[in-house]
Amino acid sequence: MHAIDIQALVQPARVHRRVYTDPAIFDLEMERIFGRAWLYLGHESQVRQRGDFFATLLGRERVIVTRHSDGSIRAFHNRCPHRGAMVCSERRGNTPRFVCPYHAWTFGTDGRLVGVPHRRGYEAGFKERMESLGLEPIARIDSYRGFLFGSLTDEGPSLADYLGDDVRMAFDNFVDRAPDGDLDIAEGKLVQVFNANWKLQIENSIDLVHPPILHYNAVEVSKEFLGASGPDEPVPTAVDIFRSNGLPFEEWDEVRQYALANGHCYMKGFLQKSDGEQLTIEDEARFGSDDQMPFEGQLDYKRALVERHGAARAEEILAFDRHNTIVYPNLFINPRLQQVRVLQPTAADRTEQHCYVFALRGAPAAALHTAVAFLTASNSPASIVTTDDHEIFERIQAGLESGEREWLDLTRGVDRDVVTATGREAAGTSELAMRNQHDAWKTYMMEAA
Ligand code: FES
Ligand SMILES: [Fe+2]
């Protein structure tokens, strides 16, 4: 393979098209970014009971996450130390042990090799050697407020430092919204696949120029819906958010975005709210937009939060006004929508997006129903929003193969960033957060192993 000049591919405010299209660069990303960053594994509620397990991907690595009988959570490469078979083919379940389907080497939920058929076929000291023939643990696993992350290397910052204050705040807010102080992952997930590069999605989620243009249809449909339902009718969550796609650019500029260390970023919320001075937590309006439809039991939910945290803190928790928080390289979280999305890139031009919803413990069932309904409206194959995004990613992927022009332009707002205590801030329509993602990309990619 000819050497790749990483340095030359990401320049101030422009990115070379090969960054999205070249399979050799994709391989290097898997090694240097996904092989080094803290990556989202799942949530502790997926392994609540001893013996619970689930299978997932960390970059390209197949991983099993288990709850061992001592209560600890472990993560292993899903590969038999004997002759390499995938030990676990289930996506999740509960088991006291994993049995390899090929020759039945058997492992505990702590990965220890506990059984080998026809052991006398091995040398005399084999029993001792079995110690070293367990499932291979991944280099690091850690959790923050119940969200599990894994890393394929021992090197680098702790999880808490990797996330940093501003990202941790989003996880804190997610958990603090639960009246009983914990989350449960909801059954099922939505998986969408697009034939385009993974970075197009992390850029898109902080691209606040495209909503009124690309999502024009969603805006028009929302307007029609609102026209038909009358001015004083409460507005369903999806319509509330879809109509906001149509905000004028000046208002999108007011939705500030923040670029943080390690490529992370977040954007403020954009729901239409009064300034809140006369409103109390008891007012329905203190949740989404002023006219957003409350879910059944919303008032009781808010009272339960007050009970747990006190009125001032409960108000602060509900007023946490952010839309996407993007944890580089591949995680999106949105506490108010009770939503987590994870990207699993499988090739330079193929990406899976896995979307999950969480139940807030102690909140009424209707809160979860609202969150599921919104995820379905926004992130299912039938969505009138994500489908636009995925279509445009595929058109970009196709477009990048054409013509002589080498560079993608990311200059919007480049001369107007504001430096803050924890990073940089810019108008919503700036391309700051994307430039920040590419800076992180370059830093990872240029560090040789
Ligand atoms: S490959 Fe797993 S027991 Fe042989
Ligand atoms: Fe979009």
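Basis of the calculations
- Residues numbered from 1 in each chain as written.
- Chains lettered and ligands numbered in written order.
- Predicted model: local features only at pLDDT ≥ 70, side-chain atom pairs only at ≥ 80, totals over all residues.
- Heavy atoms only, no water.
- Pairing = 2+ DSSP bridges.
- Helix = DSSP H or I, 4+ residues; strand = E, 2+ residues; numbered from the N terminus.
- Axes fitted to C-alpha atoms, helices over the stretch in contact; angles between N-to-C directions.
- Contact = heavy atoms within 4.5 Å.
- Core = buried A, V, L, I, M, F, W, Y, C linked by side-chain atoms within 4.5 Å.
- Buried < 20%, exposed > 50% of the residue type's maximum accessible area, 1.4 Å probe, protein only.
- Domains from an automatic or database assignment.
- Phe/Tyr/Trp six-rings, centres within 6.5 Å; stacked < 30°, edge-to-face > 60°.
- Lys NZ or Arg CZ within 6 Å of the ring centre and 35° of its normal.
- Buried area = accessible area lost by both parts, 1.4 Å probe.
- Salt bridge = Lys/Arg side-chain N within 4 Å of Asp/Glu carboxyl O.
- Polar contact = N/O pair within 3.5 Å; in protein donor to acceptor, adjacent residues only side chain to side chain.
- Nonpolar A, V, L, I, M, F, W, Y, C, P; charged D, E, K, R; others polar.

What about the sheet that holds strand E12 (residues 147–151)?
Then comes step 1: One open sheet accounts for three strands, arranged E3-E12-E11; its pairing is antiparallel. Two strands lie at the open edges of the sheet, namely strand E3 (39–43) and strand E11 (140–144), each paired on one side alone. Each adjacent strand pair in this sheet contributes to an overall mean axis angle of 30 degrees, direction not counted.
Then comes step 2: Inspection of the sheet shows E3 paired to E12 by four bridges, in the antiparallel sense. Each residue of the ladder has a partner; that of Tyr-40, found in E12, is Phe-149.
Then comes step 3: Across the face of the sheet, helix H5 (residues 159–176) comes into contact with E11 and E12 while running at roughly 40 degrees to E11.

Regarding the nonpolar core
Then comes step 1: Phe-147, Phe-171, Val-340 and Trp-441 are the most contacted members of the largest nonpolar core, which totals 97 residues.
Then comes step 2: The element best represented in this core is H5, accounting for eight residues.
Then comes step 3: Looking at this core, you find at least three residues from each of domain 1 (39–144) and domain 2 (165–446).
Then comes step 4: If sequence neighbours within four positions are ignored, Phe-171 has contacts with Tyr-144, Phe-147, Phe-149, Leu-163, Val-327, Leu-331 and Ile-333.
Then comes step 5: One finds Phe-53, Cys-80, Phe-98 and Cys-100 within the second-largest nonpolar core, a separate group that totals 16 residues.

A few points about the packing of aromatic side chains
Then comes step 1: By the definition in use, this model includes 20 aromatic pairs.
Then comes step 2: A network of ring pairs unites the aromatic residues Tyr-40, Tyr-144, Phe-147, Phe-149, Phe-171, Phe-174 and Phe-358 as a single cluster.
Then comes step 3: One Lys or Arg, Arg-14, reaches over the ring of Trp-407 and ends 3.9 Å from the middle of that ring.
Then comes step 4: Directly above the ring of Phe-332 sits Arg-341, whose terminal nitrogen or CZ lies 4.6 Å from the centroid.

Section: the domain arrangement of the chain
Then comes step 1: Domain annotation of the chain identifies domain 1 (39–144) and domain 2 (165–446).
Then comes step 2: Measuring from the centre of the C-alpha atoms in domain 1 to the corresponding centre in domain 2 gives 35 Å.
Then comes step 3: On the domain 2 side, the residues contacting the 10 residues of domain 1 number 16 residues.
Then comes step 4: Between domain 1 and domain 2, a total of about 1,200 Å² is buried, with carbon and sulfur atoms accounting for 54% of that surface.
Then comes step 5: Taken as a group, Tyr-40, Arg-48 and Tyr-144 account for 49% of the area that domain 1 buries against domain 2, more than any other trio of residues on that side.
Then comes step 6: Here Glu-187 makes a salt bridge to Arg-92, at a shortest N to O gap of 3.1 Å.
Then comes step 7: Our enumeration of links across domain 1 and domain 2 arrives at six residue pairs in polar contact (both at pLDDT 80 or more).
Then comes step 8: Looking at the side of domain 1 that touches domain 2, the elements with two or more residues in it are E3 and strand E4 (52–58).
Then comes step 9: Its residues assigned to classes, the side of domain 1 that touches domain 2 comprises four nonpolar, four polar and two charged.

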